Amino acid sequence: MKRVFLPEKKLKQFFSKISQEYELFACTRSEGAGRIVRLDDIPEEFEFAPVRTAESLRLFLLKLRQLVAKYPSDEYKDITPDFPRRAVIGVKGCDIRGIKIFDEVFLNDPDYVDPFYKSARESLFLVSIDCTDALDTCFCNLLGDKPYAEEGFDINLSPVDGGYVAVAGSERGSKILSSLSLSEAEQQAISQMETNRETILAKLEEINKEFKTEKSYRELLEASEGADGWETAADCVGCGACTNVCPTCFCFTLYDLKGKDANYRFSVWDSCQYSGFARMAGGTNPRRSLLERFKHRYNHKFLHYPIRYNGVYACVGCGRCIVNCLGKIDMRQTFKNLDEAAKTATSKE
Amino acid sequence: MKNIYYPYEAELIKIKDETPNIKSFFFKLSQPLTFREGQFMQLSVPGIGEAPFTPSSKPGEVDELVITILKTGRVTDYLHEKVKPGEILGLRGPFGHGYPTHLFDGKTALVIGGGVGLAPLRACLYGLFGERYEKVNRISIKYGARSPYDLVFRDEYEEWVKKGKVDMSISIDRPHPEWEKGEFKFEGVSQTVGLVTVLLDNLDVDIENTYAVSCGPEIMLKFVTYKLLDLGFKPEQIYLSMNRRMSCGVGKCHRCNIGPYYLCKDGPDMCYADIMNYDPFGSI
Ligand SMILES: Cc1cc2nc3c(=O)[nH]c(=O)nc-3n(C[C@H](O)[C@H](O)[C@H](O)COP(=O)(O)OP(=O)(O)OC[C@H]3O[C@@H](n4cnc5c(N)ncnc54)[C@H](O)[C@@H]3O)c2cc1C
Ligand code: SF4
Ligand code: SF4
Ligand code: FES
């Protein structure tokens, strides 16, 4: 991969190049987590968020409410949905990895591709940027991930003195970079990039050392059916905040409405934490209790999804669910408790 | 690109009353389709909603389809009460895998149904009565319903058992005067009273060479499964038409899972051995 140097003073040019083809969004510094803001004008300077943003990219890929069919209507039988071309600049590695979770379901399924997701996905240009800090809720390292993206981006930026080390991850990213006539990154810049990456990783190790588990999350769940260790569930109120802020949650419902001229079918975000989510006709419900739904969320992310999709977790450790939980539940604590329970169980044997 | 959420037009040509709360809906399709027994369709009542149903008619390449539906909620109430022949409804599918009929070659097919559960199983039977019939050793049908009036497809049982390799026994949940009086007599069919599991009490099949398929309410599937295991069936020999709430039908909305399986893609008929460790009967 060719590493080039993007000097700070060329950032404006970088933004404006991208803005020729895409509507611009960027991740800016804000108190706590960063924020994604729309850039109507190209800024002279820009301060990127050092950590992930409050918003995930789900909104850019799966609309809260998407019209998926107007019927009967030939226009909707075969469809190439038209999505606005957008670029998000400054996305963190966790959110880039989150998109892969969606891709497996909506795009890479050999049987059924979701045309709406496909369009939204192809219209989205992604510039990732290495983390330069960590929140105390970040735990990508516990999942074996890194505080930077290694793939899945169009361009990745690594902040260093005076600018960024930039690499392209796609052809369209490469085009943008080559149009800026940048010189190759010097060894010094690359070492600085590597040092920063190590520093942040060390910080994450420090933040999460009390949450380290002996067994992997998947192993803990494989062994946990009906077992102890689920104490944190008692604080869950079933609000669904955890799933709504998550960059890897994708549940939805199809909903039909009668219009004046036609019938409409929408796909709307849903949450497995709601009691009606799995309720069947006649009232039977495979996950009637809050505890079952709570466990289901963990099981889906760390057991069922990896079984179905190449061993990958459907969680990227962004910590948004921790920050936003009404019950103040920390997923890391749940796993720590499960780990303790597993140890107690083994020592009893 | 094909829109996986678009419901194709299907004309409702006939509605037949099966029981006081079950009707069969006959459709003429706007384009022919090929479905396997046990595969299901998403049926849309335009502007009202969509629900999954397994056709009860003969599988294969078809331009007509029968779906047999129990009245039980928003979409099915609408179908039973408001929809009239001549109306255009919507269909998506077929989805899922369907019944593992190839396993029945050289074996006994033990077909266990409860209530409207005989509807999907009828497609399975029609499939077995076709080309496979030569290869199957025996088809043993066990069917239970609440009362004699709740038995679906009553006009077909005698025809089935006349085929030779087919035997059938029926039970109704509670004693019923007309059942007692013999007003519901099906020639060649053994009839009794009790929950459907009573039909498995003195099972005369060669268990080792039998595969069971069952469709019915979840609570029935649970007791049937436990009974079969008690009798010595291995989990690998039991296939269940599982029910979960569905929406997309295409493995996207994550609503219909049992553990890592999506019923809409991997089922709805699941081998018990695959799902037994994932709490298949949940907190029903
Ligand atoms: C694979 C499979 C096969 C089945 N086969 C049969 C069969 O052959 N015969 C049979 O009788 N039953 C069958 N069932 C059960 C049947 O699907 C349910 O009885 C049916 O879903 C009940 O729907 P309802 O709307 O009447 O009930 P409700 O309890 O009202 O359930 C709500 C259902 O309607 C949908 N819905 C409600 N409002 C809307 C809206 N505005 N837009 C879109 N969707 C909406 C929901 O998605 C949900 O599926 C099968 C189920 C499965 C999973
Ligand atoms: S489960 Fe929590 S930590 Fe994991 S990706 Fe979702 S919001 Fe982030
Ligand atoms: S955010 Fe917290 S309280 Fe709300 S459903 Fe999720 S775990 Fe439960
Ligand atoms: S019905 Fe949507 S995943 Fe199965």
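This is a predicted model, so every value here is computed, not measured.

### What to know about the overall build of chain A
Phase 1: Scanning chain A from N- to C-terminus turns up 11 helices and 10 strands.
Phase 2: Against the compact-globule benchmark of 20 Å for 349 residues, chain A has a radius of gyration of 22 Å, which places it among compact chains.
Phase 3: For the C-alpha atoms alone, the extent of chain A along its principal axes is close to 65 × 65 × 35 Å.
Phase 4: Here chain A, with 349 residues, has 58% of them falling under the buried criterion.
Phase 5: Expressed as a percentage of contacts within chain A between residues at least 6 apart in sequence, the contacts between residues at least 24 apart total 74%.

### What to know about the site of ligand 1
Phase 1: Taken together, 27 residues are adjacent to ligand 1, and Asp256 of chain A together with Pro52, Leu70, Val75 and Thr76 of chain B come closest.
Phase 2: Nearby residues place ligand 1 at the junction of chains A and B.
Phase 3: With respect to ligand 1, the backbone of Thr68 of chain B contributes an N or O atom lying 2.8 Å from a nitrogen atom.
Phase 4: One of the backbone N or O atoms of Gly73 of chain B is found 3.2 Å from an oxygen atom in ligand 1.
Phase 5: About the coverage of ligand 1: the protein hides 87% of its 950 Å² of free accessible area.
Phase 6: Counting only elements with at least two residues in the shell around ligand 1, the list comes to β9 (252-258) of chain A together with β4 (49-53), β5 (60-70) and α1 (74-81) of chain B.
Phase 7: No other element matches the 5 residues that β4 of chain B contributes to the shell around ligand 1.
Phase 8: Residues belonging to the shell around ligand 1 are distributed by class as follows: 15 nonpolar, 7 polar and 5 charged.

### Observations concerning the side chain of Arg122 of chain B
Residue and element names in this part refer to chain B.
Phase 1: Along the chain, Arg122 falls in helix α2 (residues 118-129).
Phase 2: Engagement of the side chain of Arg122 in a polar contact is seen with the backbone oxygen of Ser56, the distance being 2.9 Å.
Phase 3: Ignoring anything within four residues of it in the chain, the contact list for Arg122 reads Ser56, Val66, Phe153, Glu156 and Trp160.

### Considering the pairing of strand β9 (residues 166-172) of chain B
Residue and element names in this part refer to chain B.
Phase 1: Of all 7 residues making up β9, 6 are buried, and the element is well covered by its neighbours.
Phase 2: As defined by bridge partners, strand β8 (residues 138-145) adjoins β9 across 7 bridges and the pair is classed as parallel. Bridge pairing in β9 places Tyr143 opposite Ile170.
Phase 3: In terms of handedness, the path from β8 via helix α3 (residues 157-162) over to β9 forms a crossover that is right-handed.
Phase 4: Sheet topology places β9 next to strand β10 (residues 189-193); 5 bridges connect them, and they run parallel. Residue Ile170 lies in a different strand from β10, and its bridge partner there is Gln191.

### What to know about the environment of Asn277 of chain B
Residue and element names in this part refer to chain B.
Phase 1: If you trace the backbone, Asn277 turns up in the segment after α7 (272-275).
Phase 2: Residue Asn277 is classed as exposed on the basis of its relative accessible area of 61%.
Phase 3: For the pair Asn277 and Gly259, spaced 18 residues apart in sequence, the C-alpha separation works out to 8.2 Å.

### Things to note about the side chain of Glu156 of chain B
Residue and element names in this part refer to chain B.
Phase 1: Of note, Glu156 is situated in the loop between β8 and α3.
Phase 2: Among the polar contacts made by the side chain of Glu156, one reaches the side chain of Arg122 at a distance of 2.6 Å.
Phase 3: If near-sequence neighbours (up to four positions away) are discounted, Glu156 is found in contact with Arg122 and Tyr126.

### A short note on the interface of chain B and chain A
Phase 1: Counting residues at the interface gives 43 residues for chain B and 51 residues for chain A.
Phase 2: Here chain B meets chain A over a buried area of about 4000 Å², counting both sides, of which 54% is carbon and sulfur.
Phase 3: Among the residues of chain B in contact with chain A, Met1, Tyr5 and Lys252 of chain B are the three that bury the most area, contributing 19% of the side total.
Phase 4: Where chain B touches chain A, the interface holds 7 salt bridges.
Phase 5: Counting across the interface, chain B meets chain A through 29 residue pairs in polar contact (both at pLDDT 80 or more).
Phase 6: Among the secondary structure elements, those contributing two or more residues to the side of chain B that touches chain A are β1 (8-19), β3 (40-45), β4, β6 (88-95), β14 (261-262) and α6 (263-266) of chain B.
Phase 7: No other element matches β6 of chain B, which puts 3 residues into the side of chain B that touches chain A.
Phase 8: The residue inventory of the side of chain B that touches chain A, partitioned by class, reads 19 nonpolar, 13 polar and 11 charged.

### Concerning the pattern of salt bridges
Residue and element names in this part refer to chain A.
Phase 1: Summed over all chains, the structure comprises 46 salt bridges over all chains.
Phase 2: Residue Arg197 is joined to Asp130 by a salt bridge in which the shortest nitrogen-to-oxygen separation is 2.8 Å. With Arg197 in helix α6 (residues 187-207) and Asp130 in the loop between β6 (124-129) and β7 (155-160), this pair connects stretches of sequence that are 67 residues apart. No difference in accessibility class separates Arg197 from Asp130, as the two residues are buried.
Phase 3: Within the structure, one salt-bridge network assembled from shared partners comprises Glu214, Lys336, Asp339, Glu340 and Lys343.

### A word on the sheet that holds strand β5 (residues 86-91) of chain A
All names here are of chain A.
Phase 1: Read from one edge of the open sheet, 7 strands run β1-β8-β7-β6-β5-β2-β3, paired in mixed fashion. Two strands lie at the open edges of the sheet, namely β1 (4-7) and β3 (35-38), each paired on one side alone. Neighbour to neighbour, the strand axes of the sheet diverge by 25 degrees on average, direction disregarded.
Phase 2: Bridge analysis of β5 against β6 gives 5 bridges, and the strand direction is parallel. Looking at the pairing, Val91 lines up with Ser128 of β6.
Phase 3: In the packing of helix α1 (residues 11-19) onto the sheet, the strands contacted are β1, β2 (23-28), β5, β6, β7 and β8 (163-168), and the crossing angle to β5 comes to about 150 degrees.
Phase 4: Together, β7 and β8 form the strand contacts of α6, whose direction differs from that of β7 by roughly 90 degrees.

### Description of unusual backbone geometry
All names here are of chain B.
Phase 1: Note the cis peptide between Gly93 and Pro94, where omega equals 0 degrees.
Phase 2: You can see Pro94 is positioned in strand β6.
Phase 3: In this structure, Phe153 is a non-glycine residue whose phi angle is positive, near 55 degrees.
Phase 4: Tracing the backbone through its elements, the reader meets Phe153 in the loop between β8 and α3.
Phase 5: In this structure Phe153 comes out as buried when scored by relative accessible area, which is 1%.
Phase 6: Even without a glycine there, the phi angle at Asp279 is positive, about 50 degrees.

Cut-offs applied
Residues numbered from 1 in each chain as written. Chains lettered and ligands numbered in written order. Predicted model: local features only at pLDDT ≥ 70, side-chain atom pairs only at ≥ 80, totals over all residues. Heavy atoms only, no water. Helix = DSSP H or I, 4+ residues; strand = E, 2+ residues; numbered from the N terminus. Rg over C-alpha atoms; globule rule 2.2 N^0.38 Å. Buried < 20%, exposed > 50% of the residue type's maximum accessible area, 1.4 Å probe, protein only. Contact = heavy atoms within 4.5 Å. Near = heavy atom within 4 Å. Polar contact = N/O pair within 3.5 Å; in protein donor to acceptor, adjacent residues only side chain to side chain. Areas by Shrake-Rupley, 256 points an atom, 1.4 Å probe, with all protein chains shown as cover. Nonpolar A, V, L, I, M, F, W, Y, C, P; charged D, E, K, R; others polar. Pairing = 2+ DSSP bridges. Right-handed = clockwise from strand over helix to strand, strands pointing away. Buried area = accessible area lost by both parts, 1.4 Å probe. Salt bridge = Lys/Arg side-chain N within 4 Å of Asp/Glu carboxyl O. Axes fitted to C-alpha atoms, helices over the stretch in contact; angles between N-to-C directions.

Read these as spatial facts, not as claims about activity.
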